[in-house]
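Architecture and fold: a report
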Amino acid sequence: MNQDNDTQRELVGDEKQVSKLDGQAPESTDFANYFCTYSYLYHQKDMLEDHKRTGAYFDACMKNHKVFQDKVVLDVGTGSGILAIFAAKAGARRVYAVEATDMAKFAKRIVHAQGFGDTIEVIQGVIESVEIPEKVDIIISEWMGYFLLRESMLDSVLVARDRFLKPEGALYPSHARLYMAPIRTNLTSQRSFAFMNSMENWASFVSDMHNYYGVDLDCLSEDFRKEQMEYYKSTASWADVHPSQVIGEAALIKSYDLKTVTLEELKAPLKSTFTMKITDHGSIEGFVGYFDTDFRGSPQSPADLPVVLSTAPDEAGATHWGQQVFQVHPNIACSPGDSLECTFEMRRRKDNHRLLLIQMQYMLCSSRTERPNEYKVQYVIE
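These numbers come from a predicted model, not from an experiment.

A look at the overall build of the protein
Of regular secondary structure, the protein possesses 11 helices and 15 strands. With the C-alpha coordinates aligned to their principal axes, the bounding extent of the protein is approximately 75 × 60 × 35 Å. The burial tally for the protein puts 52% of its 382 residues in the buried class. Contacts in the protein between residues at least 24 apart in sequence constitute 77% of all its contacts with a sequence separation of at least 6. Surface accessibility of the protein: about 18,500 Å² in total, with carbon and sulfur atoms responsible for 49%. Side-chain charges in the protein split into 40 positive and 54 negative, and the spacing between the mean points of these groups amounts to 4 Å.

What follows is the structure, given as structure tokens:
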């Protein structure tokens, strides 16, 4: 058998070790809650098919090939290995591609199929446990989750930054911003109807259980109502929001410089106050949340051509992140010139740090109302 076939045979099957630099597997509960999804090819395919996402990273590398030329790059959460391959195509001398799941084995095969086996070292293990043999010039990672921070993967990128990035090094992306805007949406009424249908179904169920079996479950009706209320009315929904639905200016909630933000800042509750100015007549039926990221490099190693990846409402359609829609109950009538004064706090859930809990207070300030109503709401991002 020739050498090429020998190499291919080494890259297939159930090999336990991907690299001599392999680290530890994810903790079992965290694997079940988060990492396991990324070990499936169908999920990697879904992300790769998002051409706004994949194209932004490709442009960030290829349009800044002078920045990548002869550099050492670390790809945190490499998945299929696509970003490591882009870095190698852009001229990187060495790329360490770290992946926590068994997707690392597929990534290794893909890397060799592109002819980058000597340039890219695929490593399996959580980044917190991996040892890279040298400092790196660039860290590249696609760490963003719904509403930017769901999944808490940015934690791992910051750990990698603090352990491996040279002082003058750059992160791709380098900056991130989180936004919210008022919208009109049918989703709010649809979810309200679904909630009512669920409660009617529960009432029928309770009646049947009593009539057929003599068991009274009405003692749980209030608990069921609270459960369904959270699911149908308080849980944020993925949506592809059209720009025509937006009836006010987007407000910046938070901006991050990935070179300077600390892990402690990231883990602390995100608190913000902001104003959303109304620009159209109608009713505020929800809020849309989204983010964008910049690929600017660092002050010492700036990008020649900065690239922006935006998940804002777009006539051309959403990225795979879509937007998060938060329902407004009751709807609020508004007119141009009005403004929504908001206090916002987002923290990680205690039962699963990769999911988010939001508490908001808002009131509509208008020349038509002397004493505006103040609303307090809680949202869940699952």
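What to know about the environment of Cys342
Examined against the element boundaries, Cys342 turns out to sit in strand E13 (residues 339-348). On the basis of relative accessible area, Cys342 is assigned to the buried category, the value being 3%. When residues no more than four places from it in sequence are discounted, the contact partners of Cys342 are Ser272, Thr273, Phe274, Met276, Met360, Gln361 and Tyr362.

Focus: the nonpolar core
As a rule of thumb, soluble globular proteins bury nonpolar side chains together. Residues Leu74, Phe287 and Tyr362 are the most contacted members of the largest nonpolar core, which totals 101 residues. The element that contributes the greatest number of residues to this core is helix H6 (residues 82-89), accounting for 7 residues. Those residues in contact with Tyr362 that sit more than four places away from it in its chain are Phe287, Val328, Ile332, Leu340, Glu341, Cys342, Asn373, Glu374, Tyr375, Val377 and Tyr379. With 9 residues, the next largest nonpolar core counts Ile183, Leu187, Tyr290 and Val325 among its residues.

Structural notes on the confidence of the model for the protein
Of all residues in the protein, 95% attain a pLDDT of 70 or more, and the chain-wide mean is 92. Contacts for the low-pLDDT stretch residues 1-14, under 50 throughout, to residues beyond four places or in other chains number 9 contacts.

Thoughts on the environment of Cys61
As for its placement among the helices and strands, Cys61 is situated in helix H4 (residues 51-62). In this structure, the C-alpha to C-alpha distance between Cys61 and Ala84, residues 23 residues apart in sequence, is 9.9 Å. The contact partners of Cys61, leaving out residues within four places of it in the chain, are Phe68, Phe86, Ala87, Ala90 and Ile140.

Describing the packing of aromatic side chains
Per the stated rule, a full pass over the model turns up 17 aromatic pairs. Seen from their ring centres, Trp202 and Phe205 are 5.3 Å apart, and the 45° between their planes marks the pair as tilted. Taken together, the residues Trp202 and Phe205, both in helix H9 (residues 187-213) and 3 residues apart, mark about one turn of the helix. By relative accessible area, which is 11% here, Trp202 ends up buried. Site record: aromatic cluster; members linked through ring pairs are Phe147, Phe274, Phe326, Phe344 and Tyr379. Positioned above the aromatic ring of Tyr231 is the side chain of Arg191, whose terminal nitrogen or guanidinium carbon lies 5.0 Å from the ring centre. A cation over an aromatic ring shows up here: Lys254 above the ring of Tyr256, its NZ or CZ 5.6 Å from the ring centre.

Things to note about the sheet that holds E13
One open sheet accounts for 4 strands, arranged E9-E13-E14-E15; its pairing is antiparallel. Each having just a single partner strand, strand E9 (270-277) and strand E15 (374-381) make up the two edges of the open sheet. Within this sheet the neighbouring strands show an average axis-to-axis angle of 20°, counted without direction. Examined bridge by bridge, E9 and E13 share 8 bridges and lie antiparallel to one another. Of the residues in E13, the one forming a bridge with Thr273 is Thr343.

About the criteria used
- Residues numbered from 1 in each chain as written.
- Predicted model: local features only at pLDDT ≥ 70, side-chain atom pairs only at ≥ 80, totals over all residues.
- Heavy atoms only, no water.
- Helix = DSSP H or I, 4+ residues; strand = E, 2+ residues; numbered from the N terminus.
- Buried < 20%, exposed > 50% of the residue type's maximum accessible area, 1.4 Å probe, protein only.
- Contact = heavy atoms within 4.5 Å.
- Areas by Shrake-Rupley, 256 points an atom, 1.4 Å probe, with all protein chains shown as cover.
- Lys, Arg positive; Asp, Glu negative; His and termini not counted.
- Charge placed at Lys NZ, Arg CZ, Asp CG, Glu CD.
- Core = buried A, V, L, I, M, F, W, Y, C linked by side-chain atoms within 4.5 Å.
- pLDDT = per-residue confidence, 0-100.
- Phe/Tyr/Trp six-rings, centres within 6.5 Å; stacked < 30°, edge-to-face > 60°.
- Lys NZ or Arg CZ within 6 Å of the ring centre and 35° of its normal.
- Pairing = 2+ DSSP bridges.
- Axes fitted to C-alpha atoms, helices over the stretch in contact; angles between N-to-C directions.

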